[in-house]
Amino acid sequence: MGKKIRAEVAVVGIGASAGGLEALEALFAGLPPKLPAAFVVVQHLEPTHRDLLVDLLKRSTAMPVSPARHRARVEAGQVYVMPPGRALELRGGALWLSKPAAPRGHRAPIDGFFRSLAEALQARAIGVVLSGMGSDGTLGLGQIKEKGGATLVQTLATARSDAMPRSAIEAGFADVVAAPAELGPRIAALLAHPLPRAEPPPALDAELTRGLDALCTQLREQTGHDFSQYRRTSLLRRVERRMRLHQLDALPDYTRLVRKSSDEAELLFKELLIGVTSFFRDPRSWVTLAKKVWPALLRELPREAVLRAWVPACSTGEEAYSLAMTFAEAQRGRARSGRPRLQVFATDLDRDAIERARAGLYPKVIASQVSRPRLARFFTEEKQGFRVRPELREMIVFAPQNVLHDPPFTRLDVVSCRNLLIYLEPAIQKTVLAMFHYCLNPGGVLFLGNAETASAVGSSFAQLDASARLWRKRAGAPAGGLTELLPSRTRAPHARNLDATSEAEPALQELADRMLFERYGPSAVLTTPQGDIVYISGRTGRYLEPAAGKANWNIHAMAREGVRHELIAAFQLAVREGRTVIRGPVPLDPEGSAQAVTLTIEPLRDPKGLSGMVAIVFRDTTLPAKARRGQGRGSGAATVARLGHELNLAVDELRLTREQMQSSQEQLKSANEELQSTNEELQSTNEELTTSKEEMQSMNEELQTLNQQLQAKVDELSRTHDDMRNLLDNTDIATVLLDGALNVRRYTPQATRIIKLIPGDVDRPIADLASTLLDIDLVTEARAVLADLVPRQLEAKSADGRWFSVRVMPYHTQDNRIDGVVLTFVDVTTAKTLEARLRDASRGD
């Protein structure tokens, strides 16, 4: 984007055709001198045209008028005229001239200059479209309006050629529609009003915030749509644009205007929707989508599968049609039977925009956005512009929808939401992104605008291509920010799949062996925090044994009697406090044996593959001699000591039981939360069913529209058939229509007197039918015409003495294909008789 021109200078771009001189003179005659703006006039002129506009405009304005020169800086109070056969742009406050890139007939010099004007000046740009042919200037006005500038258009009644003004008005890009004599004062009034700030303030003060809240409330009451969740700076920029058009300085004054005028409320509503779009906006991103996304999705699909895509905020449909075109191109080379199909759901808040998208008719200037091969394949050219072909139109269902409040579409493979998030507050952006994450299938693709990102929802999306703003949904936990729509079940932090696959077992064994043998060496086991044994190292039969009954691999059930109390108490302490606990020596035989064991219980944090597990190590040892002697004598002191030890173990076991009860209560609480989560999932399923119902309603509306269109076509074909039948039946010319294989397609009643035709002969080869003509082979002549496409005219005599002028011509279809032959037979017997008489008379003389 070029550098902005100095803040005090605005630029007014004026587009007109060569026949718009009268409108230009009237406009400049109404402009006062010394305005704080430069004026640039862009016309449709042939390169060889002698430009007299500079001299003619000098008579209508006191401002200096001169031809635009390359790299000349624009100055306030000056008028610049684009020379013939050149393209003009505004860059860094200077005019740039260049050779037109498009061929003659496809050039749009007004659009090109308006686009550069919008990029360079943003809200300080003013665009004017006057009388002219075609639709040049429409897309440029849309760019100016999107950037916050002002747009003015000549009324249709005053335009010598109303095509250009009509296109701009019907597209909804005209802020002011007036006669040329009135446009001058309106431009002067706009320039007299304080120019919009170059950038909105980073933080709005309390008074301005309250004013915007009051305006949003008023707009919601009158239109039913809430814009309070839109980004405040964007909201302020659009509101200031409307205030400038009405010459209002205070926000409360404009709020009162909206309250009084339903028309202004509707205009502000459409203003805030910013319905400016184009085909293949940011072309490089679309190229990346075509190369990376469609091939990957198509490889994973079975035959005859249906890809589902959603284009929220689709405006007039260009983005949805662009998506469908790239998909159709990705299908090139695949067999038609059984190949996947695409179903696009395109939605927008603006019902008028949805209606235009459904019509699929776009101005001819889209030739600058859509390549010639695509225009030829996906569009048909009409007088008003280019219309989308039925095979592309059938891929898309258009429906009105509020993406922030209405249920979304689900089970999607692609979501293309470009340049919507930038107009929303960050918290709402996060909610919308979470909704997209919820709607997409695993591995689904999110396509955003160049200034947008999905990073607000953390790791929920993986970036496919940074420059193209393509993201893929990650499998796993749902995105944050939409918890009411995305219920999730909580899992225990140390949960593991104990039924590991054969591929996972060697990795677990290798990690466990390495860690246990490097650190400890003796017998040991690995368990989960709940005590379930997942791996055993060495001989542990002296300490553990399988419990009787149903198999139970839990450490609490398998610990032998001598070590059970100490092991369980130490295990619970280690897990609860997350530290290593050592107990011992613990006697293995309370009846006096010297054998004992030292227990080491360690919660593991590394290596990564064992994190969260617990290691229990058994080290063999012996009891001290004093302890053994005390055991052997059975003295009272030893008995008291043993009883005290057992009492301590009992206390520990009671403590353990209490902790287990607390754990059970927590599990019950968790189960209750899981039931609540299940209830939320059921609510989500209900919302999906509601969405499916709305999709069915949208499809029903679409089918009704298609049915109406088909009925109109049937009526039109019926009328055409009646016209054709009456024309053929009431002409006294024998006519036979043949298809490409020279079979009879249709004939007139007069033809039956020359060729023996009956109604059953339709679709029969002409070669099988007898003709009364002598010395002429109709089949040979028809084949010759099909071969060289040159019509033939012959004279032939019939068996009953009549003469006929026979014409053999190619049969042309509406799309200029040759699909058969037309035979006509004109009776020229009278002419031949007169000719013979004249010839005889001349001989007698």
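Thresholds applied
- Residues numbered from 1 in each chain as written.
- Predicted model: local features only at pLDDT ≥ 70, side-chain atom pairs only at ≥ 80, totals over all residues.
- Heavy atoms only, no water.
- Helix = DSSP H or I, 4+ residues; strand = E, 2+ residues; numbered from the N terminus.
- Buried < 20%, exposed > 50% of the residue type's maximum accessible area, 1.4 Å probe, protein only.
- Contact = heavy atoms within 4.5 Å.
- Areas by Shrake-Rupley, 256 points an atom, 1.4 Å probe, with all protein chains shown as cover.
- Phe/Tyr/Trp six-rings, centres within 6.5 Å; stacked < 30°, edge-to-face > 60°.
- Lys NZ or Arg CZ within 6 Å of the ring centre and 35° of its normal.
- Expected span 1.5 Å × (residues − 1).
- Pairing = 2+ DSSP bridges.
- Axes fitted to C-alpha atoms, helices over the stretch in contact; angles between N-to-C directions.
- Salt bridge = Lys/Arg side-chain N within 4 Å of Asp/Glu carboxyl O.
- Parallel < 35°, antiparallel > 145°, perpendicular 65-115°, else oblique.
- Nonpolar A, V, L, I, M, F, W, Y, C, P; charged D, E, K, R; others polar.
- pLDDT = per-residue confidence, 0-100.
- Polar contact = N/O pair within 3.5 Å; in protein donor to acceptor, adjacent residues only side chain to side chain.
- Core = buried A, V, L, I, M, F, W, Y, C linked by side-chain atoms within 4.5 Å.

Before going further, it helps to examine the overall build of the protein chain. Within the protein chain, the secondary structure is distributed over 23 helices and 31 strands. Split into buried and exposed, the 845 residues of the protein chain put 45% on the buried side. Considering only residue pairs separated by 6 or more positions, the protein chain has 64% of its internal contacts joining residues 24 or more positions apart. Accessible area for the protein chain stands at about 43,300 Å²; split by element, carbon and sulfur atoms hold 52% of it.

Let us now look at the packing of aromatic side chains. Scanning the model with the defined rule gives twelve aromatic pairs in all. Their ring planes at 5° and their centres at 4.5 Å tell us that Tyr 543 and Phe 618 sit as a pair that is stacked. Remark: Phe 618 occurs in strand E25 (residues 614–622) and Tyr 543 occurs in the loop between strand E22 (533–537) and helix H18 (555–558); sequence separation between them is 75 residues. The class of Tyr 543 is buried, set by a relative accessible area of 2%. Put simply, the rings of Phe 279, Tyr 321, Tyr 362, Phe 379 and Phe 398 touch in pairs and so form one group of aromatic residues. The cationic tip of Arg 418 hangs over the ring face of Phe 447; the distance from NZ or CZ to the ring centre is 4.4 Å. Across from the ring centre of Trp 803, 4.7 Å away, lies the NZ or CZ of Lys 832, which sits over that ring.

The subject of this paragraph is helix H3 (residues 109–121). With 13 residues, H3 extends 18 Å from end C-alpha to end C-alpha; this agrees with the ideal 18 Å at 1.5 Å per step. Among the 13 residues that make up H3, eleven are buried, leaving the element largely enclosed by the rest of the structure. Looking at H3, one finds that the buried residues are Pro 109, Ile 110, Asp 111, Gly 112, Phe 113, Phe 114, Ser 116, Leu 117, Ala 118, Ala 120 and Leu 121.

This part covers the sheet that holds strand E21 (residues 523–527). Strand pairing in a sheet takes place through backbone hydrogen bonds and is either antiparallel or parallel in direction. With respect to topology, five strands assemble into an open sheet ordered E22-E21-E25-E24-E23, the strand pairing being antiparallel. The open sheet terminates on both sides in strands that have one partner only, identified here as E22 and strand E23 (581–587). Mean inter-strand twist for the sheet, computed between neighbouring axes without regard to direction, equals 20°. Inspection of the sheet shows E21 paired to E22 by four bridges, in the antiparallel sense. Within the sheet, the bridge partner assigned to Ala 524 lies in E22 and is Ser 537.

Before going further, it helps to spend a moment on the sheet that holds strand E8 (residues 125–129). Reading across from one edge, E3-E5-E2-E1-E8-E9-E10 is the order of the seven strands in this open sheet, with parallel pairing throughout. Since the sheet does not close on itself, it has two edges, and those belong to strand E3 (65–67) and strand E10 (176–178), each with one partner. Pairwise comparison of adjacent strand axes, ignoring direction, gives a mean angle of 20° for this sheet. Sheet topology note: the strand E1 (residues 10–17)/E8 ladder contains five bridges and is parallel. By the bridge assignment for E8, Gly 15 is matched with Val 129. Contacts from helix H6 (residues 180–192) reach E1, strand E2 (37–44), E8, strand E9 (150–154) and E10, with the element oriented near 170° to E9.

One pass over the structure, following the stated rule, counts 28 salt bridges. Among the charged side chains, a network of salt bridges with common partners joins Lys 145, Asp 175, Arg 241, Arg 242 and Glu 264.

For helix H16 (residues 426–439), spanning 14 residues, the distance from its first C-alpha to its last is 20 Å, which sits close to the expected 20 Å at 1.5 Å a residue. For H16, the buried fraction is high: ten of the 14 residues fall into the buried class. Considered for burial, the residues of H16 that qualify are Ile 428, Gln 429, Val 432, Leu 433, Ala 434, Met 435, Phe 436, His 437, Tyr 438 and Cys 439.

So, about the environment of Asp 788. Among the structural elements, Asp 788 can be located in helix H22 (residues 778–788). On a C-alpha basis, the gap between Asp 788 and Pro 810 in space is 9.6 Å, while along the polypeptide they are 22 residues apart.

Turning next to the pairing of strand E30 (residues 803–812). As paired elements, strand E29 (residues 792–798) and E30 share six bridges and run antiparallel to each other. Each bridged residue has a counterpart across the sheet, and for Gln 793 the counterpart in E30 is Arg 807. Taking the residues between adjacent antiparallel strands as the criterion, E29 and E30 are bridged by four residues, where Gly 801 takes a positive phi near 90°. One ladder, built from eight bridges, connects E30 with strand E31 (residues 818–827); its direction is antiparallel. The residue bridging Ser 805 from the neighbouring strand is Val 826, located in E31. Counting the residues that bridge the hairpin from E30 to E31 gives five residues, and of these Asn 816 lies at a positive phi of roughly 65°.

Moving on to the pairing of strand E11 (residues 306–311). Of all six residues in E11, five are buried; the element is thus mostly enclosed. Here E11 pairs with strand E12 (residues 341–348) via six bridges, running parallel. In the strand pairing of E12, Leu 307 is matched with Leu 342.

The N-to-C vectors of helix H7 (residues 206–223) and helix H10 (residues 262–273) enclose an angle of 105°; their axes lie 10 Å apart at closest approach. On the basis of their axis angle, the class for H7 and H10 is roughly perpendicular. Where H7 approaches H10, its residues Leu 215, Leu 219, Gln 222 and Thr 223 are matched on the opposing element by Ser 262, Ala 265, Leu 268, Phe 269 and Leu 272. Across the contact of H7 with H10, the residue classes break down as six nonpolar, three polar and no charged.

This part is about the side chain of Lys 473. In this fold, Lys 473 is placed in strand E20 (residues 470–473). Filtering out sequence-adjacent residues up to four positions away, Lys 473 remains in contact with His 437, Tyr 438, Leu 440, Asn 441, Pro 442, Gly 443, Gly 444, Ser 460 and Phe 461.

With that settled, the discussion passes to the confidence of the model for the protein chain. Per-residue confidence for the protein chain gives a mean pLDDT of 80, with 84% of residues at or over 70. No element of the protein chain has a lower mean pLDDT than helix H20 (residues 625–633), at 52, and none a higher one than helix H12 (residues 318–330), at 93.

Let us look at the environment of Arg 210. Checked against the element boundaries, Arg 210 lands in helix H7. A relative accessible area of 54% means that Arg 210 is categorised as exposed. The spacing of Arg 210 and Pro 252 is 42 residues in sequence and 9.9 Å in space, taken between C-alpha atoms.

So, about the side chain of Asp 348. Mapping Asp 348 onto the fold places it in strand E12. The buried category is assigned to Asp 348, whose relative accessible area is 9%. For Asp 348, the side chain forms a polar contact with the main-chain nitrogen of Asp 350, separated by 2.8 Å. Contact partners of Asp 348, with chain neighbours within four places excluded, come to Ala 313, Cys 314, Ser 315, Ile 354, Ala 399, Pro 400 and Gln 401.

Right, let's get into the nonpolar core. One finds Phe 227, Tyr 254, Leu 268, Trp 310, Val 415, Phe 436 and Leu 446 to be the most contacted residues of the largest nonpolar core, which totals 49 residues. Those elements giving two or more residues to this core turn out to be H7, helix H8 (232–245), helix H9 (251–260), H10, strand E17 (412–417), H16 and strand E18 (440–448). Counting residues per element, this core draws most heavily on H16, which supplies seven residues. Excluding its chain neighbours within four sequence positions, the residues that come into contact with Tyr 254 are Leu 215, Val 239, Arg 242, Met 243, His 246, Leu 248, Glu 264 and Leu 268. Counting residues in hydrophobic clusters, the runner-up holds 41 residues, among them Ala 320, Ala 328, Phe 378 and Ala 468.

Further remarks concern the packing of H9 against H10. The interhelical angle for the contact between H9 and H10, taken along N-to-C directions, is 110°, at an axis separation of 5 Å. As judged from the angle between their axes, H9 and H10 are roughly perpendicular. Contacts between H9 and H10 involve Tyr 254, Leu 257, Val 258 and Lys 260 from the first element and Ser 262, Glu 264, Ala 265 and Leu 268 from the second. By residue class, the composition of the contact of H9 with H10 is five nonpolar, one polar and two charged.

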